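Chain and residue survey
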Amino acid sequence: MTALPLPPGGSMLAVDPVPWARGQMAFTLASHIILVPLGVSWACMTLVANWRAIRRGDDDALLLAQRWSKYMAVTFAVGAVTGTVLTFEFGLLWPRFMGTWGAAFGIPFSVEGLFFFLEAIFIAIYIYGWKRLRPWPHFWTGVPIVVAGIGGTLSVVAANAWMNEPAGFTLNKAGEVVDVDPLKVIFNDAWPYEASHMLVAAYLVGGFMIASVYAVAMLRGRRGHYHRLGFLIPFTIAAIATPVQMVVGDTLARWVYANEPTKFAAIELVPESDSDVPETLLGRLDSEGQVSGGIAIPGLASWLSDPSTGTSTVIQGLDSFPADERPTTAEVNTVHLAWDVMVGLGTLLFLLSVWYGLTWIVRRDMPRSKLFLRAASGAGVAAVLAMEAGWTVTEVGRQPWIVRGHMRVEDAATTNGGVWVMFIAVVAIYLALATTVVLVLRTMSRRFRQQDGLVDTDSPYGPREVSAERAQEAEHISG
Amino acid sequence: MDDAVAVVLFVAVTTYAVFGGADFGAGFWDLVAGGAARGAAPRALVDHAIGPVWEANHVWLIFALVVLWTAFPEAFASITLTAFVPLMLVALGIVLRGASFAFRKSLFRTSQRRAFGAIFAFSSVLVPYGMGAVAGAIASGRVPAGGEAGDPWSSWINPTSVVGGVLAVTVGAYLAAVYLISDARRLADDAMVDYFRRRAIAAAIIAGPVALLGIVVLRSDARYLFDGLASRALPLVLLSSLCGIGSLVLLLRRSPRGARLLAMGAVASIIWAWGVAQWPYILPTSLEVAAAAAPQATLITVLVVFGVATVVILPSLGLLYFLDQRSLLPAEGLDALPPSRGSASLP
């Protein structure tokens, strides 16, 4: 690592801030992204249950929608604070990135601010509204949450896509941004592919996450109408999203092949430019930079990159780029492994969705076997891992750049040598936070089961302090 | 154009101070409410009052940060490089506070509830102090221009920053106490009305002199700001003092509704006085607003977004307000009491 200027006064505690800044950003993003699918897609599933409750007078669906909205409030609240940390981190960890590129990079975020505002307001209205609005108007207050979730995803991913495919700015000789085209910044070339991939992922991952909880409950023998609905609504959404995601992901991969050749070379583990490149499953680059291990499927990587030219498609290898403008060997191995994990898990989820879909077509019912439920109960974790792996491919594959072709990560980082203190504090707090979230959601679920009615007191937006008579009254009504 | 965006930035900061600041202040009263038995009633009211709008209030902070880094990226880089330590504490404090607040009402045993409550209350003081200290660092010219780092410690441990931090905590506590009187009145809880009325008066009596003392400190520590406050921003300083005194009088005369408006006016006008006093600098006295501003097209985008926000967000907040008011109908029951601050954020 090159020596970096360290601030005066911090010498005792000072270390090279770059790896700590990267580690912290990776950790906090990886944590926040787990909550994102819930924030984006849960409202939609809740509305499906809500719709069914009103249309068919289904009391179980109503109960499900009410409880989901309370869980949603907890995950949204935690997502909001972890998102706030990211906002601060842009400045605290990457001040030189923000100082140089804020005028362009900030634009998608100002749009996202709008959606975040809408989401915060309507989530409060929806949860407050259960007992206070007539059913249909109440249903419609939930729709802006869904719209805001989609809009927010599209704008935040626009910022990330811009880092991969920077556009819409003019630099002067000193490298300062002197003119900006906001529309080109937002609608950069990578945006449609990346944004649709993440949006579908939000529904896919959110659906499998929620369904897996009810799959576990069904395995434990709770197989009533209520739990069936709790499984079917999210699982159906995820099962529809999975094949869509295969197509969207494939299109994105081909775009990366054409536009981000270093990332693509890392994904496909291609040290030297060649045609008839094999698809290497697992495997790694050794210290000589040659592929070792893994299972090679001849010609497949070339064929997938451009089916029109088949196995004669040439893939640019890592050797076509200067060593300091492409990922290091360790980074290449990380990208390739992450890619295999994402595609592998995605394929398994696809097979699970096919199983479900075919059974449904033949029998008009979900598969009854225990094996299916066991697989479904693992699908939530698998989907989260696939999403994390996908982001690893995007981010590590862009190295050494933070703004591809324009700014390196090490030139973007803070010079503050005390970053490691924050890193340790953040890790400790997030671990405690994660434990608490799980505990709280479980406690809520247990309490719901005991009371078997609508409990108002435990959501961060819900009305507080139901008096004893009120609680009894509520129990009386719902019972 | 850059002037207009600077105004937008200050609108966001002011709104956050007036609404979000009171959320922190409520946490302060939670902290000093005493033991579990004695503090039960005020704590319940605080819980109740922060209500469903804490998230919406919090969004103003995000909005202010996004406007700052998009429209004035150089200033943002300088501030985050210089004030790394207090901003880090603020960020961590916000996580702890938001999370413990969200979880506290979940169904835990009393001991767990108490632990979360303590975290909530402690971070409610830490966060506004940190923000006030950063404001002090900026106002006293300790943040250099050019995306450079100032001193990592003395930039925020200095007389102006201490004044800023203490002022932020006391002003938040004052606003919260004034708002909580109205909440208690709506609950027809006379004991709590009196409880928070006494505390609001005490907070006002402390916040006033702290502000005055602050001006004396600025005279030696932040001369440019002091000169601005004593000249072009003087009308705002006077307006703030009048509002403050007026709200104190109304509190003594048991007229909380007017007191609430005047308290908000006092806080808003002192923040605007800060802005006017350091004009035309965004970082006194090294970086002017015009020099720090992003290219024209970016500024226009920020203004358009702000325009859309006023068209879309205000009616939404209005809907929240309307529903809250409806829930006040006797038949709806008391558990549906609305957050007073959701309503107050309407123009």
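**Details of the overall build of chain A**
Across its full length, chain A holds 14 helices and 8 strands. Relative to a compact globule of 479 residues, whose C-alpha radius of gyration would be 23 Å, chain A shows 24 Å and is just as compact. For the C-alpha atoms alone, the extent of chain A along its principal axes is close to 70 × 60 × 40 Å. By the burial criterion, 52% of the 479 residues in chain A qualify as buried.

**Some words on the overall build of chain B**
Counting its regular elements, chain B contains 14 helices and 2 strands. Considering only intrachain contacts with a sequence separation of at least 6, the fraction spanning at least 24 residues in chain B is 77%.

**So, the packing of helix α1 (residues 2-31) of chain B against helix α7 (residues 159-186) of chain B**
All names here are of chain B. It is at 7 Å that the axes of α1 and α7 come closest, and there the two elements cross at 90°. Considering the angle they form, α1 stands roughly perpendicular to α7. Residues Val 18, Gly 21, Ala 22, Phe 24, Gly 25, Ala 26, Phe 28 and Trp 29 of α1 form the contact with α7, whose own contacting residues are Val 169, Val 171, Gly 172, Ala 173, Tyr 174, Leu 175, Ala 176, Ala 177, Tyr 179 and Leu 180. Class assignment for the residues of the contact of α1 with α7 results in 15 nonpolar, 3 polar and no charged.

**A short note on the pairing of strand β2 (residues 177-180) of chain A**
Residue and element names in this part refer to chain A. Bridge count for strand β1 (residues 169-171) against β2 is 3 bridges, and the pairing is antiparallel. Looking at β2, one finds that Thr 170 is bridged to Asp 179. Counting the residues in the hairpin turn of β1 and β2 gives 5 residues, including Gly 175, whose phi is positive at 80°.

**Quick look at the packing of helix α9 (residues 223-230) of chain B against helix α11 (residues 256-278) of chain B**
Residue and element names in this part refer to chain B. In the contact formed by α9 and α11, the axes pass within 8 Å of each other and the chain directions differ by 110°. Here α11 runs roughly perpendicular to α9, going by the angle between their axes. Helix-helix and strand crossings are classified by hand; for α9 and α11 the assignment is right-handed. Residues Tyr 224, Leu 225, Gly 228 and Leu 229 of α9 form the contact with α11, whose participating residues are Ala 273, Val 276, Ala 277 and Gln 278. Here the contact of α9 with α11 is built from residues that sort into 6 nonpolar, 2 polar and no charged.

**Structural notes on the confidence of the model for chain B**
In the predicted model, chain B carries a mean pLDDT of 83, and 88% of its residues have values of at least 70. The complex model carries a pTM of 0.87, and its ipTM stands at 0.86.

**Structural notes on the nonpolar core**
The biggest cluster of nonpolar side chains holds 286 residues, and the ones touching the most others in it are Ala 383 of chain A together with Ala 64, Val 67, Tyr 174, Ala 177 and Val 267 of chain B. The element best represented in this core is helix α3 (residues 95-129) of chain A, accounting for 23 residues. Among residues more than four places away in sequence, those in contact with Ala 64 of chain B are Leu 9, Ala 12, Val 13 and Tyr 16 of chain B.

**A closer look at unusual backbone geometry**
Note: most peptide bonds trans; most residues except glycine with negative phi. A cis amide bond links Gln 399 of chain A to the next residue, Pro 400 of chain A, at an omega of 5°. Along the chain, Pro 400 of chain A falls in the loop between α11 (370-397) and β7 (401-403). Here the bond from Pro 284 of chain B into Thr 285 of chain B is cis, since omega is -15°, no more than 30 degrees from zero. Checked against the element boundaries, Thr 285 of chain B lands in the loop between β1 (281-283) and β2 (287-288). Phi at Leu 269 of chain A takes a positive value of approximately 55°, unusual for a residue other than glycine. Relative to the helices and strands, Leu 269 of chain A is located in the loop between α8 (261-268) and β3 (279-281).

**With respect to the environment of Pro 144 of chain B**
Residues and elements named next belong to chain B. Inspection of the secondary structure assignment puts Pro 144 in the loop between α6 (110-139) and α7. In the structure, Pro 144 is positioned 143 residues away from Leu 287 in sequence and 7.8 Å away in space, judged by C-alpha atoms. Excluding residues within four positions of it along the chain, Pro 144 makes contact with Ser 78, Gly 150 and Ser 286.

**Overview of the confidence of the model for chain A**
Residue and element names in this part refer to chain A. Predicted confidence across chain A gives a mean pLDDT of 87, with 91% of residues reaching 70 or more. Note on residues 1-12: pLDDT under 50 across the span, and 21 contacts to partners over four residues away in sequence or across chains. Within the model, the stretch residues 462-479 combines pLDDT values under 50 with 30 contacts to residues more than four positions away or in other chains.

**Notes on the environment of Asp 340 of chain A**
Residues and elements named next belong to chain A. With respect to the secondary-structure elements, Asp 340 resides in helix α10 (residues 329-363). Residue classification places Asp 340 among the buried positions, given that 20 C-beta atoms sit within 10 Å. Aside from chain neighbours lying at most four places away, what touches Asp 340 is Leu 281 and Leu 282.

**Considering α10 of chain A**
Helix length check: α10 of chain A, at 35 residues, gives a terminal C-alpha distance of 51 Å against a target of 51 Å (1.5 Å per residue), a fit within 8%. Just downstream of α10 of chain A lies Arg 364 of chain A, where phi reads positive at about 55°.

**Focus on helix α6 (residues 191-219) of chain A**
Residue and element names in this part refer to chain A. For α6, built from 29 residues, the straight-helix expectation of 42 Å at 1.5 Å per residue is met to within 8% by its first-to-last C-alpha distance of 41 Å. Within α6, 25 of the 29 residues are buried, which leaves the element mostly enclosed by the surrounding structure. Phi turns positive one or two residues past the end of α6, at Gly 221, with a value near 100°.

**Some points on the environment of Trp 101 of chain A**
Residue and element names in this part refer to chain A. Relative to the elements of secondary structure, Trp 101 occurs in helix α3. In this structure the C-alpha to C-alpha distance between Trp 101 and Thr 394, which are 293 residues apart in sequence, comes to 20 Å. The contacts of Trp 101, once residues within four sequence positions are left out, are Val 177 and Val 403.

So, how was this worked out
- Residues numbered from 1 in each chain as written.
- Chains lettered and ligands numbered in written order.
- Predicted model: local features only at pLDDT ≥ 70, side-chain atom pairs only at ≥ 80, totals over all residues.
- Helix = DSSP H or I, 4+ residues; strand = E, 2+ residues; numbered from the N terminus.
- Rg over C-alpha atoms; globule rule 2.2 N^0.38 Å.
- Buried ≥ 20, exposed ≤ 12 C-beta atoms within 10 Å, placed from the backbone.
- Contact = placed C-beta atoms within 7 Å.
- Axes fitted to C-alpha atoms, helices over the stretch in contact; angles between N-to-C directions.
- Parallel < 35°, antiparallel > 145°, perpendicular 65-115°, else oblique.
- Nonpolar A, V, L, I, M, F, W, Y, C, P; charged D, E, K, R; others polar.
- Pairing = 2+ DSSP bridges.
- Left-handed = near helix turned anticlockwise from the far one by under 90°.
- pLDDT = per-residue confidence, 0-100.
- Core = buried A, V, L, I, M, F, W, Y, C linked by C-beta atoms within 7 Å.
- Expected span 1.5 Å × (residues − 1).

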